[in-house]
Amino acid sequence: MKRNFAKILTGATAFSAVLAMSSCTDNRFTVSGEITEAKDSVLYLENMSLSGPVKVDSATLGESGAFSFSQKAPDAPEFYRLRIANQIINIAVDSTEQIEVKAQFPTMSGVYDVTGSEECAKVKELALLQMGLQRQVDDIVRAPMLGVNAVRDSVERVLEQYKTQVKEQYIFKEPMRAYAYYALFQTVRLGQAESLIFNPRSDEQDVKVFAAVATSWDAYYPDAERGKNLHNIAIEGMKNVRIVQQQQLDNIDPDKINVSNVIDINLPDNKGTSRRLTDLKGKVVLLDFHVFAANGSTERIMALRDIYNKYHAQGLEIYQVSFDANEHFWKTSTAALPWICVRDGQGAQSELLIQYNIQSIPTYFLVGRGSDLHKRDAQINDLEAEIRSLL
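The notes below deal with the structure included here. Since the model is a prediction, treat every value here as computed from it, not as a measurement.

Regarding the pattern of salt bridges
Across all of its chains, the model carries 24 salt bridges by this definition. Measuring nitrogen to oxygen at the nearest pair gives 4.0 Å for the salt bridge that ties lysine 124 to aspartate 113. Here lysine 124, found in helix H2 (residues 118-142), pairs with aspartate 113, found in strand E8 (residues 112-115); they are 11 residues apart in sequence, far enough to count as distant. When its relative accessible area of 19% is taken as the criterion, lysine 124 is described as buried. Through salt bridges that share partners, Glu118, Glu119, Glu174 and Arg177 make up one connected network.

Structure, rendered in C-alpha cells:
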C-alpha cells in the first residue's frame, strides 16, 4: 500500500532526477589543466565560502603551466576559483568531477576552455554574459550625449533585459543546480559601487527569484549551509517587501508580519473563501498540486482520502492546489472532499510552478508544523512513515 500510494501520487510523468551527491569521505574531485604564459606565477585554488575566498591549495607554475589540484568531493554544490593575481576562473563542483581548464595569462578570466563539468560550462556562459553586461553599462555611463535621467533609464533597461534572459535560460530552468545559485550572486559595477544584479533585499520580483532557488535547495540539499543561507536571504527579502507593502497600506506593525519557511499560497477554496497556506502553521501539511481532469485523478484522490482519514485527527491537513482550467468541473469534483481545496486560475502560467520548481503534475510536498518545507515526493519512499515522523 505504501509503495502503491507513492506511485499514485507521483503520476505517470517522471519527476526531475535529483542530482547525485557524494557523501563518501574518500571521494574527491580534481581540477587540472594548463595556464600558459604564467611561468613562476602562483596559481591559487580558493574556496568561495560564505565568508569570502579561502585558500585551499596553490602551485607555482612552470614553463608548461601545468597544474593539478585534488580535494574532497562536497556533499552539495560548492564553488571554487582559480586565481593568478586578479585574474579569476570560477569553478562549480557538485560531485567527483574531473575538471580540466586551459587558459593563457593574463587573459584567463575571459578566455578559457573548461571540460568535464556541465556546471562549470554553464558558469562560464554566465561569466561571459556578465562581462558583456558590464561593457554595456560602462558604455552607457560614458556616453557624452546622455543626461543623468537617460543614463539611469538606459542602465535599468539593460539590467532588466539581462535578468529576464538569465531567469529564463538558467535560474528557472533548473533552480536546484549550482549555476542557478551562482547566477543569483552576479554583480554589476556602477561607478565606484558594485551591486548584486538581482536585489534580494527589496525588489519583490527578485525576491521571488531567490525564493525559487531557495525552495529547490531546501528540498534537494536540506543540510547544505549554502541552502540555509539562501533560504534566510529569501525569507528576509520577503519580510522586507511585506513590511514596505503593509506600511504603505496602513502602517501595520512589522513585528506582526508572519514569515514562514514555505512560499505562501493564498487562493480561494471551492466555497469562495481565501485560504492561506501559512494559516496552517502548527499542523503537518501535505501540500498537493493536482489536476482533477487528468487521468488517474480518482484513484489518487481515494489514496489521499485514506491518508487523511488515518492522520487528520493527529494533526495532518491537506492543502490541495488545483490547476484545472474548468472552474465548474473543479468545484463539482471537490464538493465532497474534507480537506482544503483551492484553485489557481493561472493554470500553466502560475508562478507557483516556478516558485516550487514543479516539473510535472501531480506532485506533493510535506510541510512540518513550523511551516517548514520538509521533503518533496521525489525524496519520499514511505509517505505514511514521513507523516508519522512529523506528527
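Notes on the environment of alanine 224
Note that alanine 224 resides in the loop between helix H5 (204-220) and helix H6 (225-250). Taking the relative accessible area as the measure of exposure, alanine 224 reaches 12% and is therefore buried. Separated by 146 residues in the primary sequence, alanine 224 and glutamate 78 have C-alpha atoms spaced 9.6 Å apart.

Digging into the sheet that holds E8
Remark on secondary structure: sheet strands pair via backbone hydrogen bonds, oriented parallel or antiparallel. Sheet architecture is open: four strands sit in the order E4-E1-E7-E8, paired in mixed fashion. The open sheet terminates on both sides in strands that have one partner only, identified here as strand E4 (66-72) and E8. The average undirected angle you get between the axes of adjacent strands in this sheet is 15°. Pairing analysis gives seven bridges linking strand E1 (residues 28-36) to E4, with the strands arranged antiparallel. Along E4, the bridge assignment pairs serine 32 with serine 68. Relative to the sheet, H2 contacts strand E7 (98-104) and E8, its axis offset from that of E8 by approximately 155°.

What counts, and at which threshold
- Throughout this document, residue positions are counted from 1 along each chain, in the order its sequence is written.
- Confidence filtering applies because this is a predicted model: local features only for residues at pLDDT of at least 70, side-chain atom pairs given and counted only at 80 or more, and all residues used for totals across whole chains, interfaces and linings.
- Only hydrogens and water are set aside when side-chain values are computed; all heavy atoms of the structure are taken into account.
- The salt bridge criterion pairs a side-chain nitrogen of Lys or Arg with a carboxyl oxygen of Asp or Glu, the two atoms within 4 Å.
- Only runs of H or I of at least four residues qualify as helices and only runs of E of at least two qualify as strands under DSSP, and these elements are numbered from the N terminus.
- For the exposure calls, accessible area comes from a 1.4 Å probe over protein chains only, and a residue counts as buried if that area is under 20% of its type's maximum, exposed if over 50%, partly exposed in between.
- Should DSSP find at least two bridges between two strands, the strands are taken to pair.
- Interaxial angles span 0 to 180 degrees and are taken between N-to-C directions of axes, which are lines fitted to C-alpha atoms, for helices over the stretch in contact.
- Any pair of residues with heavy atoms lying within 4.5 Å of one another is described as a contacting pair.

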